[in-house]
Amino acid sequence: MHDVFTNPNLLVSLLISQTDIGYKLVTFYTASATLYLAAAGALFQQYFASVLSHQATKATGIAWFGLVLSVASLAAPFGIQQSRKEIEHRAARYADALGLPHERFTVVRFGGWLSLVVFAMICVAWTYLVATGMK
């Protein structure tokens, strides 16, 4: 059995690895959020094009699809925060053993909250479009 806390070189490698994983996570999340925002924008464009061309059934279908997609997207910010907490906890254990300050992953924390606000706003917009389209 090998105790990693007795080997400073291994601890440094593990700390760097956890920090690297954290920032790879935020890069992947940013790319995914950008893709979602592009898809939402395209759906909004299609919705309004359908409304302007008087295709109410098509517009309603697009609005419902956008609403379902936006509700599902609300899980992403909570997932990134849970992942951040786990990575932050592991990195903190290694930093403590080395006597180093903890990495707080502020960018991940801020990005998670910001995306939650933006995704919620998109969800509210789709909800409004679905509600007004049903009248």
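Computed from a predicted model, the values in this text were never measured in an experiment.

Undergrad: What is the right way to look at helix 1 (residues 8–52) in this model?
TA: Because each turn of an α-helix spans 3.6 residues, side chains separated by three or four positions in sequence point in the same direction. Taking 1.5 Å as the rise per residue, helix 1 with 45 residues should run 66 Å; its terminal C-alpha atoms sit 66 Å apart, in good agreement. For helix 1, the capping residue at the N-terminal end is Asn7, with a side-chain oxygen 3.1 Å from the backbone nitrogen of Asn9. The positive-phi residue at the C-terminal boundary of helix 1 is His54, with phi of around 60 degrees.

Undergrad: Looking at this model, I keep getting lost on the packing of aromatic side chains. Mind explaining?
TA: Throughout the structure, instances matching the rule amount to five aromatic pairs. Pairing Tyr23 with Phe105 gives two aromatic rings, centres 5.4 Å apart and planes at 40 degrees, and the pair type is tilted. A residue pair is termed long-range when its members are at least 10 positions apart, and Tyr23 in helix 1 and Phe105 in the loop between helix 3 (75–98) and helix 4 (106–133) qualify at 82 residues. Considering the side-chain rings of Phe44 and Trp126, the 4.1 Å spacing of their centres and the 5 degrees angle between planes classify their relative orientation as stacked. Here Phe44 is found in helix 1, whereas its partner Trp126 is found in helix 4, with 82 residues between them in sequence. On the accessibility criterion, Trp126 (1% relative accessible area) is buried. Here a set of aromatic residues connected by ring pairs shows up, and it is made of Phe44, Tyr47, Phe48 and Trp126.

Undergrad: What is the right way to read the packing of helix 1 against helix 3 from this model?
TA: A pair of packed helices can be characterised by two numbers: the angle between their axes and the separation between those axes. Where helix 1 contacts helix 3, the axes come no closer than 9 Å and their chain directions differ by 165 degrees. By the angle class used here, helix 1 and helix 3 are roughly antiparallel. For the crossing formed where helix 1 meets helix 3, the hand is left-handed. The segment helix 1 lies against helix 3, with Pro8, Leu11, Val12, Leu14, Leu15, Gln18, Ile21, Gly22, Leu25 and Tyr29 engaging Ala76, Pro77, Ile80, Ser83, Arg84, Ile87, Arg90, Ala91, Tyr94, Ala95, Ala97 and Leu98. Taken together, the residues of the contact of helix 1 with helix 3 sort by class into 17 nonpolar, three polar and two charged.

Undergrad: Just checking my understanding: could you explain the pattern of salt bridges for this structure?
TA: For side chains of opposite charge, pairing can occur when their charged atoms come near one another. If you walk through the whole model with that rule in mind, you get five salt bridges. Taking the shortest distance from any N to any O, the salt bridge between Arg90 and Glu86 comes out at 2.8 Å. Of the two residues, Arg90 and Glu86 both sit in helix 3, four residues apart, roughly one turn of that helix. Under the relative-accessibility criterion, Glu86 is labelled partly exposed at 47%. Counted as one network, the salt bridges with shared partners bring together Arg84, Glu88, Arg104 and Arg109.

Undergrad: Could you clarify how one ought to interpret helix 2 (residues 56–73) in this entry?
TA: Helix length check: helix 2, at 18 residues, gives a terminal C-alpha distance of 25 Å against a target of 26 Å (1.5 Å per residue), a fit within 8%. Among the residues making up helix 2, those that are buried are Ala59, Ile62, Ala63, Gly66, Leu67, Ser70 and Ser73. Mapping the buried residues of helix 2 onto a view down its axis gives an arc of 140 degrees, with all of them on the same face. In this structure, helix 2 carries Thr57, Val68 and Ala72 as exposed residues pointing more than 90 degrees from its buried face. Where helix 2 is buried, its residues contact helix 1, helix 3 and helix 4.

Undergrad: Even after reading the chapter, I still don't get unusual backbone geometry, so can you show me in this structure?
TA: With a phi angle near 60 degrees, His54 is a residue other than glycine that sits in the positive phi range. When you line up the elements, His54 lands in the loop between helix 1 and helix 2. For Phe105, which is not glycine, the phi dihedral falls at a positive 50 degrees. The buried category is assigned to Phe105, whose relative accessible area is 1%.

Calculation criteria
Residues numbered from 1 in each chain as written. Predicted model: local features only at pLDDT ≥ 70, side-chain atom pairs only at ≥ 80, totals over all residues. Heavy atoms only, no water. Helix = DSSP H or I, 4+ residues; strand = E, 2+ residues; numbered from the N terminus. Expected span 1.5 Å × (residues − 1). Polar contact = N/O pair within 3.5 Å; in protein donor to acceptor, adjacent residues only side chain to side chain. Phe/Tyr/Trp six-rings, centres within 6.5 Å; stacked < 30°, edge-to-face > 60°. Buried < 20%, exposed > 50% of the residue type's maximum accessible area, 1.4 Å probe, protein only. Axes fitted to C-alpha atoms, helices over the stretch in contact; angles between N-to-C directions. Parallel < 35°, antiparallel > 145°, perpendicular 65-115°, else oblique. Left-handed = near helix turned anticlockwise from the far one by under 90°. Contact = heavy atoms within 4.5 Å. Nonpolar A, V, L, I, M, F, W, Y, C, P; charged D, E, K, R; others polar. Salt bridge = Lys/Arg side-chain N within 4 Å of Asp/Glu carboxyl O. Arc of directions from axis to C-beta.

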